[in-house]
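# What the coordinates show
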Amino acid sequence: MAIGWYLAVSAIVFAIGAAGVITRRNPLLVLVCLELMLNAGNLALISFARMHGSQEGQVFALVVMVVAAAEVAVGLGIVVALYRNRVAVDVDELRELQG
Amino acid sequence: MSDETPKPGGDPAAPAAGEAAGPSHREQDAPATAGERQAAPDIADLLGGEPGGPLTAVADPPADQSGPSAYRVQEQSIDFSAQLRQVATRDDAELLTINMGPHHPATHGVLRLLTTLEGEVVRDVKPIVGYLHTGIEKTAEDKAYWKAIPVIERMDYLAYYFNAMAYVGAVEDLLEVEVPKRAQYLRVIHLELNRIMSHLVWLGTTMLDLGAISIFWYAFRERETILDLFEYSSGQRMHTRYFQIGGVAEDIPAGWEQSLRRFLVEMPKRIDQYDAMLKRNEIVLRRLRHVGVLSAEQLQAWGVTGPLLRAAGVPWDLRKAMPSSSYEDFDFQIPVGTEGDNYDRYLVRVAEMRQSLRIIEQAIDGLPEGPWITEDRKVALPPRHELATSMEALIHHFKLVTEGMRVPAGEAYHAIEGPRGELGCFVRSDGSSKPARVHVRDPSFVNLQAFGDMARGEYIADMIATLACLDPLLGGIDR
Amino acid sequence: MNEVLFFIAGPLAVIAALGVVVLRNPFYAVLSLVAHLLSLAALFLLLYAPFVAVVQVMVYVGAVMVLYVFVNAYVGGATDATGGPAPTLRWLSYAIGIGVLATVVVATLGSSLKAIDSDGAKIGADFGSPGQIGELLLTRFLLPFEAASFLLLVAAVGAVVLARRRRGVLPGEDRMIAALDLLAPTGTGSMREGVGAVNPVPGALSAHITPSTGAGSPPASGTRGDIDGEDD
Amino acid sequence: MPDGDALERLAHLVGAEQDGAVVATVVARGRAEIEVRPDAIGSALERLRHEGYTMLMSVHGVDYHPEERRLGVVYELLSMQLQDRVTVKVRVSAEDPHVPSVVADWPTADFHEREVFDMFGVVFDGHPDLRRILMPEDYIGHPQRRDFPIGGEPVIFTETERRNPGWWK
Amino acid sequence: MSLTPAPIAEVGFYEPWWMQIVKTLVIFGIGFSLVPLALLYERKLLGRFQNRPGPNRVGPFGTLQPMADIFKLVTKEQFKPRGSIGWLFILSPLLAMVAALATFALVPFSGRPQDIFGTPVGLYGLDSSIGLLIFFAFSSIGAYGVLLGGWSSGSKYSFLGAMRGAAQLISYEVSQGLALLGIVMTAGTLSLSGIVEHQSGMWFILPQVVGAFIFFVATLAEINRTPFDLLEADSELVAGYMTEYGGGRFALYYVAEYVHLVMAGAMFATLFLGGWQLPFGIDPPGWIDPIVVLAKTALIVTLIVWIRASLPKVRYDQLMSFGWKVLLPLATLNALVTAVILVVTDK
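The structure presented is a predicted model; accordingly, all values stated were derived computationally and were not measured. Sequence order as written defines the numbering, with residues in each chain counted from 1. Note on labels: chains are lettered from A, ligands numbered from 1, in written order. Whole-chain, interface and lining totals are the exception, using all residues; otherwise, since this is a predicted model, local features are given only for residues with pLDDT of at least 70 and side-chain atom pairs are given and counted only at 80 or more. In computing side-chain values, all of the structure's heavy atoms are included and hydrogens and water are not.

### Some remarks on the overall build of chain D
- For chain D, the count of helices and strands is four helices and seven strands.
- It only takes one pair of heavy atoms within 4.5 Å for two residues to be counted as in contact. Taking as baseline every contact in chain D between residues at least 6 positions apart, the subset at least 24 positions apart corresponds to 51%.
- Here the Shrake-Rupley method, with its probe set to 1.4 Å, supplies the accessible areas, and only the displayed protein chains count as covering residues. Total accessible area on chain D is roughly 6300 Å²; 52% of this is exposed by carbon and sulfur atoms.
- Charged residues are defined here as Lys and Arg on the positive side and Asp and Glu on the negative side; His and the ends of the chain fall outside this count. For the purpose of locating charges, the reference atoms are NZ of Lys, CZ of Arg, CG of Asp and CD of Glu. Distance between charge centroids for chain D: 4 Å, based on 19 positive and 30 negative side chains. Every helix listed is a DSSP run of H or I at least four residues long, and every strand listed is a run of E at least two residues long, numbered separately from the N terminus.

### Regarding the overall build of chain C
- The secondary structure content of chain C amounts to nine helices and zero strands.
- Counting helices and strands in the order they occur from the N terminus, chain C gives α-α-α-α-α-α-α-α-α.
- Throughout, exposure labels follow a simple rule: accessible area from a 1.4 Å probe, protein chains only, divided by the maximum for the residue type, with under 20% read as buried, over 50% as exposed, and the rest as partly exposed. A buried classification covers 43% of the 232 residues belonging to chain C.
- A total accessible area of about 11200 Å² is found for chain C, and carbon and sulfur atoms account for 72% of it.

### Focus on helix α3 (residues 109-120) of chain D
- To estimate how far a helix should extend, the number of its residues minus one is multiplied by 1.5 Å. Counted at 1.5 Å a residue, the expected span for α3 of chain D with its twelve residues is 16 Å, and the 16 Å between its end C-alpha atoms agrees.
- Burial of α3 of chain D is extensive: twelve of the twelve residues sit out of reach of the surface.

### Here we look at the environment of Glu403 of chain B
All names here are of chain B.
- With respect to the helices and strands, the residue Glu403 is situated in the loop between α19 (391-402) and β6 (410-418).
- With a relative accessible area of 23%, Glu403 lands in the partly exposed category.
- Once the C-alpha coordinates of Glu403 and Lys434 are considered, the two residues, 31 residues apart in sequence, prove to be 8.9 Å apart.
- Non-local contacts of Glu403, meaning those with residues more than four positions away in its chain, are made with Ala144, Phe398 and Ser433.
- Here a polar contact is taken to be a pair of N or O atoms separated by no more than 3.5 Å, where protein atoms must pair a possible hydrogen donor with a possible acceptor and residues adjacent in sequence count only if both atoms sit in side chains. Side-chain polar atoms of Glu403 contact the side chain of Arg406, separated by 2.7 Å.

### Focus: the sheet that holds strand β7 (residues 421-429) of chain B
Residues and elements named next belong to chain B.
- A pair of strands is treated as paired once DSSP finds two or more bridges between them. Pairing within the open sheet is antiparallel, and its three strands lie in the order β6-β7-β8. Two strands in the sheet have a free side with no partner beyond their single neighbour: β6 and β8 (435-441). Ignoring strand direction, the axes of neighbouring strands in this sheet form an average angle of 15°. Geometry is summarised by axes, namely lines fitted to C-alpha atoms with helices restricted to the contacting stretch, and by angles between N-to-C directions that run from 0 to 180 degrees.

### So, the interface of chain C and chain A
- At the junction of the two partners, chain C supplies 87 residues and chain A supplies 69 residues.
- Carbon and sulfur atoms supply 76% of the area buried between chain C and chain A, which totals about 7200 Å² over both sides.
- Computed with a 1.4 Å rolling probe, the buried area is the accessible surface lost when two parts are put together, summed over both parts. When the buried area of chain C at its contact with chain A is split by residue, Leu47, Tyr60 and Tyr68 of chain C rank highest and sum to 10% of it.
- Criterion for a salt bridge: a side-chain nitrogen of Lys or Arg within 4 Å of a carboxyl oxygen of Asp or Glu. Across the chain C-chain A interface, the total number found is one salt bridge.
- Across the pair Arg140 of chain C and Glu56 of chain A runs a salt bridge whose closest N-O atoms are separated by 2.2 Å.

### Thoughts on the pairing of strand β3 (residues 55-63) of chain D
Residue and element names in this part refer to chain D.
- Counting buried positions along β3 yields nine of nine residues, so the element is predominantly enclosed.
- Bridge analysis of β3 against strand β4 (residues 71-79) gives eight bridges, and the strand direction is antiparallel. Bridge pairing links Val59 to Tyr75 in β4.

### Remarks on the side chain of Ser433 of chain B
Residue and element names in this part refer to chain B.
- Looking at where Ser433 falls in the secondary structure, it is placed in the loop between β7 and β8.
- When its relative accessible area of 9% is taken as the criterion, Ser433 is described as buried.
- Within polar-contact distance, the side chain of Ser433 engages the backbone oxygen of Glu403 at 3.2 Å.
- If we ignore the near neighbours within four places in the chain, the residues touching Ser433 are Lys143, Ala144, Tyr145, Glu403, Gly404, Met405 and Arg406.

### Considering helix α2 (residues 65-74) of chain E
All names here are of chain E.
- Within the sequence span of α2, burial applies to Gln65, Pro66, Asp69 and Leu73. Axial view of α2: buried residues confined to an arc of 100°, hence all on one face.
- Lining the buried residues of α2 we find α1 (17-49) and α9 (247-272). Note that the arc is defined by the directions from the helix axis to the C-beta atoms.

### Notes on the pattern of salt bridges
Residues and elements named next belong to chain B.
- Going through the model one piece at a time under the given rule, you end up with 57 salt bridges over all chains.
- Between Glu352 and Arg310 there is a salt bridge, with the nearest N and O atoms lying 2.6 Å from each other. Pair noted here: Glu352 is in helix α17 (residues 342-365) and Arg310 is in helix α15 (residues 307-311), with a separation of 42 residues, a long-range link. Both residues of the pair, Glu352 and Arg310, belong to the buried class.

### A closer look at the packing of helix α9 (residues 160-175) of chain B against helix α10 (residues 181-210) of chain B
Residues and elements named next belong to chain B.
- Taken N-terminus to C-terminus, the directions of α9 and α10 make an angle of 145°; their axes are 8 Å apart at the nearest point. Contacts between α9 and α10 pair Tyr160, Tyr161, Phe162, Met165, Val168 and Glu172 from the former with Arg187, His190, Leu191, Asn194, Arg195 and Met197 from the latter.
- In the contact of α9 with α10, the residues fall into seven nonpolar, two polar and three charged. As a working rule, the residues Ala, Val, Leu, Ile, Met, Phe, Trp, Tyr, Cys and Pro are called nonpolar, Asp, Glu, Lys and Arg charged, and the rest polar, with Gly in that last group.

### Some thoughts on the environment of Arg31 of chain D
Residue and element names in this part refer to chain D.
- Relative to the elements of secondary structure, Arg31 occurs in strand β2 (residues 31-36).
- Sequence separation of Arg31 and Val92 is 61 residues, and the distance between their C-alpha atoms is 21 Å.
- Within the structure, the side chain of Arg31 is placed 3.2 Å from the side chain of Glu76, a separation counted as a polar contact.

### A short note on the side chain of Asp84 of chain D
Residue and element names in this part refer to chain D.
- Along the polypeptide, Asp84 turns up in strand β5 (residues 84-92).
- One buried charge, Asp84, has no salt-bridge partner; the nearest side chain with opposite charge is Arg85, at 7.4 Å.
- Side-chain polar atoms of Asp84 contact the side chain of Tyr53, separated by 3.2 Å.

### Quick word on the packing of aromatic side chains
- Whether two aromatic rings pair depends on their centres lying within 6.5 Å, for rings of Phe, Tyr and Trp, where Trp uses its six-membered ring; planes under 30 degrees apart make the pair stacked, over 60 edge-to-face, and the rest tilted. Per the stated rule, a full pass over the model turns up 34 aromatic pairs over all chains.
- Their ring planes at 80° and their centres at 5.3 Å tell us that Trp5 of chain A and Phe7 of chain C sit as a pair that is edge-to-face. With one member in each of two chains, Trp5 of chain A in helix α1 (residues 3-23) and Phe7 of chain C in helix α1 (residues 2-22) form a pair that bridges those chains.
- Judged by relative accessible area, which is 44%, Trp5 of chain A ranks as partly exposed.
- Judged by relative accessible area, Phe7 of chain C falls into the partly exposed class, the value being 43%.
- Pairwise contacts between aromatic rings join Tyr160, Tyr161, Phe230, Tyr242 and Phe243 of chain B into one cluster.
- Taking NZ or CZ as reference, Arg49 of chain D lies 3.9 Å from the ring centre of Trp106 of chain D, over its face. Placement of a positive charge over a ring is assigned whenever Lys NZ or Arg CZ falls within 6 Å of the ring centre and within 35 degrees of the normal to the ring plane.

### Quick word on the sheet that holds strand β1 (residues 22-28) of chain D
Residues and elements named next belong to chain D.
- Taken together, the five strands give an open sheet; going across it, the order is β1-β2-β5-β4-β3, and neighbouring strands pair in mixed fashion. Every other strand in the sheet has two partners, leaving β1 and β3 as the edge strands with one partner each. Taking each pair of neighbouring strands and ignoring which way they run, the sheet shows an average axis angle of 20°.
- In the sheet, β4 pairs with β5 via nine bridges, with the strands oriented antiparallel. Bridging across to β5, Tyr75 finds its partner in Val88.
- Packed onto the sheet, α3 meets β3 and β4 and runs at close to 5° relative to β3.

### Overview of the UniProt feature "transmembrane region" (unreviewed entry) in chain C
All names here are of chain C.
- UniProt positions are given in the numbering used here, feature names are shortened, and annotations may be inferred rather than shown by experiment. When the UniProt feature table is mapped onto this chain numbering, "transmembrane region" (unreviewed entry) sits at residues 6-23, 30-51, 57-79, 91-110 and 141-163.
- Split by type, residues 6-23 is 94% helix and 0% strand. Its first and last C-alpha atoms lie 25 Å apart.
- As annotated, residues 30-51 comprises 86% helix and 0% strand, and the C-alpha atoms at either end are separated by 24 Å.

### Some remarks on the confidence of the model for chain D
- Averaged over chain D, the pLDDT score is 83; the fraction of residues at 70 or greater is 91%.
- pLDDT is a residue-level measure of predictor confidence that goes from 0 to 100. Helix α4 (residues 158-163) of chain D is the least confidently modelled element of chain D, averaging 69 in pLDDT, while β4 of chain D averages 91, the highest of any element.

### Side note on a nonpolar patch on the surface
All names here are of chain E.
- Patch construction takes residues with relative accessible area above 30% that form no salt bridge. Like charges are linked within 9 Å, and nonpolar side chains (Val, Leu, Ile, Met, Phe, Trp, Tyr) are linked within 5 Å. Where nonpolar side chains cluster on the molecular surface, the patch consists of Val209, Val210, Phe213, Val326, Leu330, Leu333, Leu336, Val337 and Ile341 and spans about 760 Å² of accessible area.
- The topology assignment puts Val326 in helix α11 (residues 316-346).
- With a relative accessible area of 37%, Val326 lands in the partly exposed category.

### Digging into unusual backbone geometry
- Of note, Ser325 of chain B is a non-glycine position whose phi angle comes to about 55°, a positive value.
- Mapped onto the elements, Ser325 of chain B comes out in the loop between α16 (318-321) and α17.
- By relative accessible area, Ser325 of chain B is classed as buried at 12%.
- Positive phi, close to 55°, is recorded for Phe61 of chain E, a residue that is not glycine.
- Mapping Phe61 of chain E onto the fold places it in the loop between α1 and α2.

### Brief notes about the nonpolar core
- Core analysis: the biggest nonpolar cluster contains 165 residues, and Leu43, Met65 and Tyr68 of chain C together with Leu132, Leu271 and Phe272 of chain E have the highest contact counts within it.
- Of the residues that make up this core, three or more belong to each of domain 1 (1-76) and domain 2 (129-164) of chain C.
- Look past the residues within four positions of Leu271 of chain E in its chain and what remains in contact with it is Leu132, Leu180, Ile183, Leu192, Ile195, Gln199, Phe204 and Phe215 of chain E. Put simply, a nonpolar core is a bunch of buried Ala, Val, Leu, Ile, Met, Phe, Trp, Tyr and Cys residues held in one set by side-chain atoms that sit within 4.5 Å of each other. Each domain's extent is set by a domain assignment, obtained either automatically or from a database.

Structure representation (structure tokens):
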């Protein structure tokens, strides 16, 4: 199976994720779309690792997963805090965060 | 959907009750309810604030029966019960109303708990009762005094001897009839056996609620022995109708005493086994200690009696304080707790079983000879052999069976110490052969009021444990 | 065999990713992401990264996504903001998506990577095994490893601080009326609803945000608690 | 049970709170009873609480049907210190069945008063939550009254009624 | 491409494709047939603990009782609550079931290839170098069966039960995994058969007694057993996430629960009781090995049933604080101490 195929999947998923981050207005779903992009990156990393026959790419993928987990923890914390303080949850209306 | 929303009150100027409501007997009731209509503004406010109030709707169903009918209008009052009382939370707290029951494995019957949760913590709980109401008190008014005993027994179905005792005691107070000593001792033996049986069921079901499944079977094994004893002495396992006005129905049969003594030897070992399983069990301790605490003052304000009050440290037991039926003859102790938590309730009940065994042992040892029912032929049926020889006995028998005894007019309230607290029976006689009013003060009914205070602020699992340790019996609550 | 697996898992990953972006119900979107991650794990296996694949399932699917589902159920599955994005924004997003796709494709294909149409380099039997990855992590990449774990710690603390309740719940304190008080009682299964006395579903408020419990169907279904629903 | 003299003393104390509050006193067959005017029930119970009768054990509703002022409410008081009981009774007419509620002072009266309201239709003014307790919420009538007809009562459930209004006719 | 080994599993030797299919079917069959056995075993055992005979009416000594139960459940009407989400409601029990059964493939029943009809066959479905991790991966997928099932039922009881359940499963999985670090370090492999091989001298229950204890307790919580059966919590939440389920779908959850029970026994036997190994150097013929594994499994199952018969269950907050404040630090400490001892004794 040519590595190009995997890279193609990775590119498509990345593009979908990018579009989703723009369209989605629910912060939870924005986070979810970010996850998509991160995972597309992961797939590319692992594909390259396979292509070059070195495992550094896999290590990077693991680090990306950790970063994603951290991002999720903080992001979901923000969503819950938002929900506690406001009724409507919509990124476009979150003017307070602009400082 | 929108056409289903209830319409208020109907037309207050609607035609009189008889026309609209159909069944003719409503007309009899109409004057009373209509009388309330004039005097009801404040209660109408309470019940829902509709103009004319629900009681008006009682008398005047809407003339147009095709739409949503009169019965929906009554539900205005339900709205009130859904309100959250004393829910003290922050504004950012999320509340969840959950409806436990009437069909729920842990409500010990058809109790319904309207529970408000914040996460896992109970913020408010409202018991809603009445699903098992069978109108026993009304039924009893339609029966001769001695024929009302079986229905009275069926109220609190785990304390049937106690129900019968309270009722029979009240009627005996009215009749001022002397109960023979042997009958009193037999009553004591059966009452205490019944108390042990009731506590055993409590033990099994409570531990089942905590998740310990085996203790249930062990407790029911001993309960079977007691039920066998009941069957032996009266022919029935439950609702035995053994207590009669003036004594007991029959002397104990031959061999019953030996069976009882075997039980008396066996039972303390069994209680030791329960203690070994539960008393020092870490999980039991964690689940029961410092849970459901209510101070003695609060409990007394709620009118709570029995093991619950004793667990809070008040040594109040009617068997000692106001002994009837020869309880003063026996030497026993009143177990009391210190803190009033669920663990104390458990300890008190288990200790009570041991004390009951002591009483039974003394009673069976000192069981006096003599008649087991009063010699008063106006009250008790004559013995079988007299029927063949004595005309007078035959007349008494006939009068009693067909009409029953006439009880002098008056009122009596006879209270005894039931397994759940003070079990009192109020009987009013109007001089006829049927009681004019029977009302049972059932301990479960009263104790349940304190449940809200016990459960508020606890975890929902502790609420279940507290309910189990409260030991409500829906048969007694709803009557 | 590998081709078959790829052509199952690859398109599934793409479709699930599309689902994440397209589905209106956040709950379904999150579930779609779970499906996407599982198919990615399959792709990782095909790329000889078994350890990463299993970690993907264990950590991502098993923990992170459960957290998502939790928060989703907790927030009540509020639908994506009413009306969706403005049309211009939507077209813009399509354009950006396609632009990004084109850029990435050009970047990868145009970079004249030699091995891109090959199966990859020769690798050993234990390529991507836990032992190998662990060795790399603790030798060459020790600093990123430590940094990542520190980041995780900070994130955990931060999340707890963010999501905790501001003040304790004290009995006896007066309760302020919040917007939630007006919304939450509908649909929380009060006795009024039980008898059909109030109609929980229609009306802007209850449609906009479902009760705080999230106990029940997605708000789109709109018939929850509707006891009169079926045949009258 | 207080004997006659003691009961008279209690009745005197209760009467001193409010003029003409005590209607009658009865000592019969192990039972001491003070009958008070309905509006004096709160002060009477409060006075007796000071005399040591600190627990309200039960509240019974009674219907003395043919007699006038036919509805009665009976309060059973218990003193744990004296190991003694005393009964307080009020009677009201069926046309104007109003008794002040004592729930504020005796929380335990809550369910009891609801039951008496449910069964006899006695309205307890000031009760915080006076609803039916044992009978269904949508029940019509007060079934423990002596003139309440027995038998032939249609069994009505909200659900059936909603689907088929007026089906019982 | 065909020359490189299949990446998912390193089977050690090559089996023909038909053998793999046969093995799949056999493992599936064994998994399924162990369920009624475990069911009957538990009910009989509980009956003895509770002073009653247990099922004894259907078939000789009640042996057909579980079949009758399952038959009854399967032939019942399938219904969905009106507030439920249909496809998720149907999918969730399947998910729970599949996740439970899939782990069966990992249990090694023998280390030696058995000669069956002239073909050498390994008595396991899959002996991967990351077998232990796959086990955990499947059990985290199993949490979705609980979570989605409770959520899609549209009932508050189910919802509360599902939330509790998912939190419990995730929390205890951490302790469960950490408890095994000790044996993984000692054995130096994540392969299950490798771990069993490493126990030929001494079973891991002796050097890793703390780890074994933590693993056992965490497993009780993972498979939803007394005293941690709060997923069901029948006294407060009726039946937790499966309140609204009935008939065949309930049967799926039920079966999954018993698969979990058997799996818990099998995993404990594999990880701590030496798998197919017998003590004192006894070396029986190869066909004995699966019987040894099953016997050890039955031992653990007996222990679990015994606990169910005697203990009450804990409260939810107690469960959580026990998991996070007692088990997790203990497991970490166990891993640390093991690591130190290994370093000190080894080099």
